[in-house]
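What the coordinates show
Okay, here's what each chain looks like letter by letter:
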Amino acid sequence: MWKEIEAAPADAILGLTEAFKKDANPNKVNLGVGVYKDDQGNTPILKCIKTAEQKLVETETSKGYLPISGSPAYGANVQKLLFGADSEVIASGRAATIHSPGGTGALRVGADLLKAFRPDATLWVSTPTWANHKGIFTAAGFGIKDYPYYNAQTKDVDFEGMLAGLESVPAGDIVLLHVCCHNPTGVDLSAEQWDKVVAVAAAKGWMPFLDFAYQGFGDSIEEDRTAVEKLAAAGIDFLVASSFSKNFGLYCERTGALTIVSPTAAEAAVAMSHVKKTIRVNYSNPPAHGGLSASAVLDDSALYDQWIGEVAEMRERIKTMRAALVDGLAARGVEQDFSFIKEQRGMFSFSGLSDDAVTWLKENKSIYIVKGGRINVAGLTSANIDYVCDAIAEALKG
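Residues numbered from 1 in each chain as written. Predicted model: local features only at pLDDT ≥ 70, side-chain atom pairs only at ≥ 80, totals over all residues. Heavy atoms only, no water.

**Digging into the packing of helix α12 (residues 301-331) against helix α14 (residues 385-397)**
- Contact pair α12 / α14: the axes reach a minimum separation of 9 Å and the direction vectors enclose 45°. One element, α12, and the other, α14, form an angle in the oblique class. In this structure, α12 meets α14 at a crossing whose hand is right-handed. Taken together, the residues of α14 that come into contact with α12 (itself represented by M321, A324, L325, G328 and L329) are I385, V388, C389, I392 and A393.
- Considering only residue class, the contact of α12 with α14 consists of nine nonpolar, one polar and no charged. (Axes fitted to C-alpha atoms, helices over the stretch in contact; angles between N-to-C directions. Helix = DSSP H or I, 4+ residues; strand = E, 2+ residues; numbered from the N terminus. Parallel < 35°, antiparallel > 145°, perpendicular 65-115°, else oblique. Left-handed = near helix turned anticlockwise from the far one by under 90°. Contact = heavy atoms within 4.5 Å. Nonpolar A, V, L, I, M, F, W, Y, C, P; charged D, E, K, R; others polar.)

Here it is, written out as structure tokens:
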């Protein structure tokens, strides 16, 4: 069957990691894949998760299937993080949450659900956006269009262009929005800008689909959900794909959620019935371990406090490495201004490095960066920061 078929190209990000693993250079640095690293270059298991897992092993009595939508306790905990425990959305029951296989699974389930009921809709994504967004929604059958987002000159959000683009989106279309820690740019909307985006969504009648993969990596768990709270207050339909890969370190457990918010509880119940149908013919029911572990942390006040502290440690380490990169390049006499990197949020930075520089760094220094110059700042450590700064300085001067 496959003799005359050409091999598919490697994934732009995961393929970079495959090349990194094969590289024999002992000084190699992976700044491509979106995985948190500690200062030793490891992706740690959070201490709160270790404790929760030990409790699960001691107390669980079955490996039976979860419900199609996942553990009800997990869904309730996801909603508390998204909206706040005292939210009207929770009290009124107008949100339906399912446990998905990671944030990617949440996006795909939502895409399949929307395609069934809005078959002629177009999906709109920011320029730029996470590389896999277009692939996920194209695979679900959607046509894709772009709205302006990043201004390469100011290294910030092109908000006037963005707002004008969103004003032109037809009613019934779907707009994918990054809640915080925008991937790949690292630049986010302010609370006041979110007010204007929500107003446009309500007035124009398009469907917001929020990608919320980095809650807690911007400012805090509470502050990072500003956009979700504002959309909830508007009383319109929207979806949220959330992930516990980053803020719980549950990468390989594929622990995510899709939450569908409706104006009424009755509509949310209808949505849940159809999302279950979507899941049943896809993966039937979700993996249990990651969700049960996260719920065990969120249900225990001591473990919850420990988790908040561990998220803060990750967030602050990333900020420290942002500053070290900017200051290190300046100390090496690099004329290009990289100070904007300190203002970006989350794991990623649109570094401003050209594709030529990215290629040179890979071929000559074994520093792996995604084409377009996106850097995973969490890949920088106290051990490799000088090597990276020296290499970038050399690439730019050459």
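**As for the packing of aromatic side chains**
- Counted according to the given criterion, the structure contains eleven aromatic pairs.
- Aromatic side chains Y74 and F244 sit 5.8 Å apart centroid to centroid with 80° between the ring planes, which places their arrangement in the edge-to-face category. Here F244 lies in the loop between β9 (238-243) and β10 (255-261) and Y74 lies in helix α3 (residues 72-83), a separation of 170 residues in the sequence. Of the two residues, Y74 and F244, neither departs from the other in class, the shared state being buried.
- On the basis of an interplanar angle of 85° and a centroid distance of 5.1 Å, the ring pair of Y150 and F350 is categorised as edge-to-face. Of this pair, Y150 sits in strand β5 (residues 150-151) while F350 sits in strand β11 (residues 348-350), placing them 200 residues apart in sequence.
- The buried category is assigned to Y150, whose relative accessible area is 15%.
- The exposure class assigned to F350 is buried, which follows from its relative accessible area of 17%.
- Through successive ring pairs, a cluster of aromatic residues spans Y74, F244, F248, Y304 and W307.
- When the ring centre of F142 is taken as reference, the NZ or CZ atom of K115 above it lies at 5.1 Å. (Phe/Tyr/Trp six-rings, centres within 6.5 Å; stacked < 30°, edge-to-face > 60°. Buried < 20%, exposed > 50% of the residue type's maximum accessible area, 1.4 Å probe, protein only. Lys NZ or Arg CZ within 6 Å of the ring centre and 35° of its normal.)

**Thoughts on a nonpolar patch on the surface**
- The grouping of M1, W2 and I5 at the surface amounts to a nonpolar patch, some 440 Å² of accessible area in total.
- Inspection of the secondary structure assignment puts W2 in the segment before α1 (14-22).
- A residue is classified by how much of its surface remains accessible, and W2, at 60% relative accessible area, is exposed. (Patch = residues over 30% accessible without salt bridge, like charges linked within 9 Å, V, L, I, M, F, W, Y side chains within 5 Å. Areas by Shrake-Rupley, 256 points an atom, 1.4 Å probe, with all protein chains shown as cover. Salt bridge = Lys/Arg side-chain N within 4 Å of Asp/Glu carboxyl O.)

**Re α12**
- Taking 1.5 Å per residue, 31 residues should reach 45 Å; α12 reaches 45 Å between its end C-alpha atoms and fits that length.
- Structurally, the start of α12 carries an N-cap: the backbone nitrogen of A302 is 3.0 Å from a side-chain oxygen of D300.
- Of the residues trailing α12, G333 is marked for its positive phi of about 80°. (Expected span 1.5 Å × (residues − 1). Polar contact = N/O pair within 3.5 Å; in protein donor to acceptor, adjacent residues only side chain to side chain.)

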